[in-house]
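# Observations on the model geometry
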Amino acid sequence: MTGNGMRSDTLHGGKMAEAVKLYTELGYPALQKGGQDKKLIGYFQADTGTINQLIHLWKFDDDADRRAHWAAVYSNKDFIEGFAAKFRPLLASQEVKLLTAAPCGPHP
């Protein structure tokens, strides 16, 4: 069963530009270098509702694929030590939702 993950990073007020810069210069390049970008559907910024959010959408083959992916991300030193250590202080909170595809409609 294919599944998707949605992570919402809520940033402290006024920190979005810094967060996007870190992802652009360090975070995403580290994921690309480690090969973990292949599961990423995309990054999105909240424009209404809860603002100051950076949303990540990920696609996984199944739960084992999801767990293997995150294990690889957490063992990626460029991502954890180079990016995440700088990104964490910008965070107010994080939320993760696991989503399964509905039987109708398109599936990214």
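Residues numbered from 1 in each chain as written. Predicted model: local features only at pLDDT ≥ 70, side-chain atom pairs only at ≥ 80, totals over all residues. Heavy atoms only, no water.

### Quick notes on the sheet that holds strand E2 (residues 40-45)
- One open sheet accounts for four strands, arranged E2-E3-E1-E4; its pairing is antiparallel. At either margin of the open sheet sits one strand with a lone partner, and together these are E2 and strand E4 (91-100). Pairs of neighbouring strands in the sheet enclose a mean axial angle of 15 degrees, with direction left out of account.
- Pairing geometry for strand E1 (residues 3-11) and E4, over nine bridges, is antiparallel. Each residue of the ladder has a partner; that of Asp-9, found in E4, is Gln-94.
- Strands in contact with helix H1 (residues 16-34) are E1, E2 and strand E3 (53-60); relative to E2, the strand with the most contacts, it is inclined by about 170 degrees. (Pairing = 2+ DSSP bridges. Helix = DSSP H or I, 4+ residues; strand = E, 2+ residues; numbered from the N terminus. Axes fitted to C-alpha atoms, helices over the stretch in contact; angles between N-to-C directions. Contact = heavy atoms within 4.5 Å.)

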